[in-house]
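An overview of the molecular structure
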Amino acid sequence: MLFNRKPIALAVTFALSAVWQHASAQTGNTTTQTLDEIIVSGSRIEPAPAPAGKLDNSALSPLRAGTSDTASLLSDIPGVNLQGAGGTSSLPVINGMAGDRVRTKVDGMDLIASCPNHMNPPLSYIDPSAIESLKVYAGISPVSAGGDSIAGTIIAKTKEPVFAAPGQDPLFTGEAGAFYRSNGNAYGGNVNATVANESLSLTYTGATAQSGNYKAGGNFKSYTATGVPGHTLDRDEVGSTAYETRNHTLGLAMKGGNHLVEAKIGFQDLPFQNYPNQRMDMTDNDQLRFNLRYLGKYDWGALEARAYHEKVEHKMDFGDDKRFWYGTASNSGINGIPCSPISGSAPTCAAGMPMETESRNSGLTLKADIALGIQDLLRVGAEYQHYRLDDWWPPSGGGMWPGIFENIKNGKRDRTALFGEWESTISEKWMTSLGLRYEHVKTDADDVHGYSTAVAAMGNQFADANAFNARNHERSDNNWDMAALARYTADATQDIEFGFARKVRSPNLYERYTWSTWSMAAVMNNFVGDGNGYIGNIDLKPEKAHTVSTTFDFHAPNREWEFKATPYYSHVTDYIDAVRCRSGSACTAANTTTTNQFVVLQYANHTARIYGLDLSGKMPLGKNNFGEWGMKGLLNYTNGRNRDTGDDLYNIMPLNAKLALTHKTGGWDSAAELVMVKDKDNVSDARNEIKTSGYSLVNLRSSYSWKNVRVDFGIENLFDREYDLPLGGAYTGQGRTMSLNPATTDGMFGWGTAVPGMGRSLYTGLNIKF
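Owing to the predicted nature of the structure, the values given are computational and were not obtained by experimental measurement. Positions within a chain are numbered from 1, following the residues in the order the chain's sequence is written. In keeping with the predicted nature of the model, local features appear solely for residues at pLDDT of at least 70, side-chain atom pairs appear and are counted solely at 80 or more, and the whole-chain, interface and lining totals rest on all residues. For side-chain calculations, the full set of non-hydrogen atoms in the structure is used, while hydrogens and water are omitted.

A few words on the overall build of the chain. Here a helix means four or more residues in a row that DSSP labels H or I, a strand means two or more in a row labelled E, and each is numbered from the N terminus. A count of helices and strands for the chain gives six helices and 36 strands. A radius of gyration in this sense is built from C-alpha atoms; the matching globule rule multiplies 2.2 Å by the number of residues raised to 0.38. Taken over C-alpha atoms, the radius of gyration comes to 26 Å for the chain, in line with the 27 Å a tight globule of 770 residues would show. Seen through its C-alpha atoms, the chain measures out along the principal axes to roughly 75 × 60 × 55 Å. Among the 770 residues that make up the chain, the fraction classed as buried is 57%. Working rule for contacts: check all heavy atoms of both residues, and any pair within 4.5 Å makes them a contact. Counting contacts in the chain only where the partners sit at least 6 residues apart, residues at least 24 apart contribute 71% of the total. A 1.4 Å probe rolled over the protein chains alone gives each residue an accessible area, and that area as a share of the maximum for its type sets the label: buried under 20%, exposed over 50%, partly exposed in between.

In structure tokens form, the structure reads like this:
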């Protein structure tokens, strides 16, 4: 059991009852609007800054059949790229920055990746079929949506509750869908069902998806061994890319007048998800979440309050494509053989390397939109987040013996925030926004120990633990964010938005409190997928980004055609980069100088700068007897550098572009897409980052819609091109992945192979509304 559900259920019941009694006394029209849609003085105020991209249900529908990875739905938004991970767990990259530098809100909840490899990022808990809208703020985020991040903000929302019309019978509505994708033999289904009357709405949403390993467009490796007896992989098969996931959400909403109360319970049961760029695989991930929301519209504006709680139980070990048995008793050849890890006082065999994580994440938010006359809007709010993390590795034999390795013990990270934001429509042509946000972030962790507390324990465990335990672990950060923007509307076809923002992010618990210099332990703490090992640093300071950005928006009055250009520049002080470790078990002379092996690094504050340009646009090409033709495209360029060391920043996407020819006629909606990516030559030398070659791909997709039925089909990578993912990281998907640099005589993986992209894949999807 994740935790005692009865007290939480009672609390939710009483909260709903109290608010409902108040709501029932109100009068007016029903609203399920979010705060940025509140009508002020008869005209909708478009919050500033305008998001880099917004995807509603109509924009998302053509994409869902082709992916089980919700983050991949963002790939058509300017400035957004994807860092490779598991099949359902890509990490969004905004203007060259990823991970915890991006704030991701899922139905208003600040979810946190609770894993030393970030295998369970926020968007991995929501199936693509459940997403109703996605919004991305890049670089300059409003302080009401930002906080504890420097790259930008992603706002993901599931479907709003629906109710029967006044005087009508109760309704039963919903939709069901299924998909199949040929590469990896991926398939799954989803259902959404609602029963509702005028004031109550009950909704269930569920989805399941699974896939085997996918195949690249050609042979990308010279070996087939996996380290598992009798199990080999073809040279074009990308090991550790299989997954299975199941997600469920039950929602109850009540409305009265201009007030809405909604409670949601979500559960993820993920049996496994393997990772081609990590040493470990996810063998289980259970998440239980509660989300309670109140939304009300008043004469003075609107009020939104939210309370949420999340509990995660996460497990990792070596999956089917990675060697499981280690130690002299399991032999020292390519494949490990089963043996007895608990025989004798000093086991010579290890049965895998189990790793477990548990976290508790609770939050409260309160936000109000206050109309200040005809032209001004004041947005104020407060937030609180209480996060606890335990990360431990049970003994499995060999050197991982006899006790538990405490990676992070009783980690604490608490955030308290206050913000205010003033939007003013000065005239028909000018709008301004000024926001200020304060956050107090407090982190701490208990003392730790390794598998063994013996002085001579391998990997310097005894000395490293003692050195960590001798330090004061508590840290407190006082962070100030600011955003100032202006929008000038020259006429019905031209807008210019420009601004400046200061954004601050405090280190996460893994950056501050992982402590072991043992290469085997360090390599398990890696959330960037580069194959290297990482050591924490208690003395890390918060990152502080100062960003200037301008968006030139040219468009038709009805937005039939549009072109946007956004240049940006960010100067980041105390940017958390990494340097080769200087003292400890793995911090050898070879580790300091090698250029063609995996290495062990330690997090360190540096100064960095990132600049780039995002272009996007669309235009009609004309109409004829065959339908309506159009074109859309985007281009992204990012350049990042560590100004202290002169090194390039890690995982910066090279110049890339997309161009799509679109066609619509009747119920048909089709597109032919060309994807173009330049060579990645600017790489991080400290990490021995792998260079990748440029490539181009052709994708085709089409759909046909009736009133209640939609069929999608398409082909990804039409010509079955072989290519490497620029942000996919290092391939560690098979073999002796526990070893930092396995012996090349094993005929298995080593440094220098990038994770390849997927070869040709045909897909189809069916969706039925009822």
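Along the chain, A186 turns up in strand β11 (residues 186-196). Overall, the relative accessible area of 1% leaves A186 in the buried class. On a C-alpha basis, the gap between A186 and T348 in space is 40 Å, while along the polypeptide they are 162 residues apart. Apart from residues no more than four positions distant in its own chain, A186 is found in contact with F179, Y180, R181, Q210, S211 and Y243.

This paragraph deals with the nonpolar core. Within this scheme, the nonpolar core is defined by two criteria: the residues are buried Ala, Val, Leu, Ile, Met, Phe, Trp, Tyr or Cys, and they are joined through side-chain atoms within 4.5 Å. Grouped together as the largest cluster of nonpolar side chains are 66 residues, with contacts concentrated most on M280, M353, W393, Y451, M520, M524 and M738. Among the elements of the structure, β22 (376-393), β23 (405-425), α3 (461-469), α4 (509-513), α5 (519-522), β27 (533-535), β29 (562-580) and β30 (600-624) are those that each provide at least two residues to this core. Other than its neighbours up to four places away in sequence, M738 contacts F318, Y326, G352, M353, M400, M520, V523 and M524. Residues L74, I77, V312 and I610 belong to the second largest nonpolar core, which totals 35 residues.

It is worth spelling out α3 at this point. Within the span of α3, buried status applies to Q461, D464, A465 and F468. Buried residues of α3, seen end-on, are gathered within an arc of 95° and therefore sit on one face of the element. In this fold, the buried residues of α3 make contact with β23 and α4. Picture the helix axis, draw a direction to every C-beta atom, and the arc is the one those directions span.

This next bit is on the side chain of E689. Of note, E689 is situated in the loop between β33 (668-677) and β34 (695-705). By the criterion applied in these results, polar contacts are pairs of N or O atoms within 3.5 Å in which, for protein atoms, one can donate a hydrogen and the other can accept it, and in which residues neighboring in sequence qualify only through two side-chain atoms. Only 3.2 Å separates the side chain of E689 from the backbone nitrogen of N651, close enough to count as a polar contact. A polar contact of 2.8 Å, which involves the side chain of E689, links it to the side chain of K680. When sequence neighbours within four positions are dropped, the list of residues in contact with E689 reads L649, Y650, N651, K680, V683 and S684.

What follows deals with the packing of aromatic side chains. Pairing of aromatic rings covers Phe, Tyr and Trp, the last counted by its six-membered ring, and requires centre-to-centre distances within 6.5 Å; plane angles under 30 degrees mean stacked, over 60 mean edge-to-face, and any other angle means tilted. Under the counting rule described, the total for this entry stands at 20 aromatic pairs. The interplanar angle of 50° and the centroid separation of 5.3 Å between the aromatic rings of F405 and Y451 together place this pair among those described as tilted. Remark: Y451 occurs in the loop between β24 (430-444) and α3 and F405 occurs in strand β23; sequence separation between them is 46 residues. There is no split in this pair, since F405 and Y451 are both buried. Ring centres 6.3 Å apart and planes at 85° place the aromatic pair Y451 and W518 in the edge-to-face group. Note that Y451 is positioned in the loop between β24 and α3 and W518 in the loop between α4 and α5, a separation of 67 residues in sequence.

Our next topic: the state of the cysteines. When two cysteine sulfur atoms lie within 2.5 Å, the pair is treated as a disulfide. The final tally for this structure, using the stated rule, is two disulfides. C339 shares a disulfide with C349; S-S distance 1.7 Å. Between C339 and C349, the S-S torsion sits near 65°, and that sign places the bridge as right-handed. Here C339, found in the loop between β19 (325-326) and β20 (350-351), pairs with C349, found in the loop between β19 and β20; they are 10 residues apart in sequence, far enough to count as distant. No difference in accessibility class separates C339 from C349, as the two residues are buried.

Now for the sheet that holds strand β9 (residues 152-158). Taken together, five strands build an open sheet; the order of strands is β3-β8-β9-β6-β7 and the sheet is mixed. Whereas interior strands pair on both sides, the edge strands pair on one side only; in this sheet they are β3 (53-55) and β7 (109-110). When DSSP finds at least two bridges between two strands, those strands are taken to pair. Taken together, the seven bridges between strand β8 (residues 131-138) and β9 define a ladder with antiparallel strand orientation. Residue pairing across strands places V136 opposite I154, the latter belonging to β9. Here an axis means a line fitted to C-alpha atoms, over the contact stretch when the element is a helix, while the angle between two N-to-C directions is reported on a 0 to 180 degree scale. Most of the contacts of helix α2 (residues 57-64) go to β8, to which it runs at about 105°, and overall it touches β3 and β8.

This part takes up a nonpolar patch on the surface. Patch membership requires over 30% relative accessible area and the absence of a salt bridge. Like charges are linked within 9 Å, and nonpolar side chains (Val, Leu, Ile, Met, Phe, Trp, Tyr) within 5 Å. Throughout, the Shrake-Rupley method with a 1.4 Å probe supplies accessible areas, and for residues the shown protein chains are the sole cover considered. One speaks of a salt bridge when a side-chain nitrogen belonging to Lys or Arg is within 4 Å of a carboxyl oxygen belonging to Asp or Glu. Where nonpolar side chains cluster on the molecular surface, the patch consists of F552, F554, W561, F563, M619, L621, M631, L659, L661, L674 and M676 and spans about 890 Å² of accessible area. Taken together, the elements giving at least two residues each to the nonpolar patch come down to β28 (543-555), β30, β32 (656-665) and β33. Residue placement: L661 occurs in strand β32. Here L661 falls in the partly exposed class, since its relative accessible area comes to 35%.

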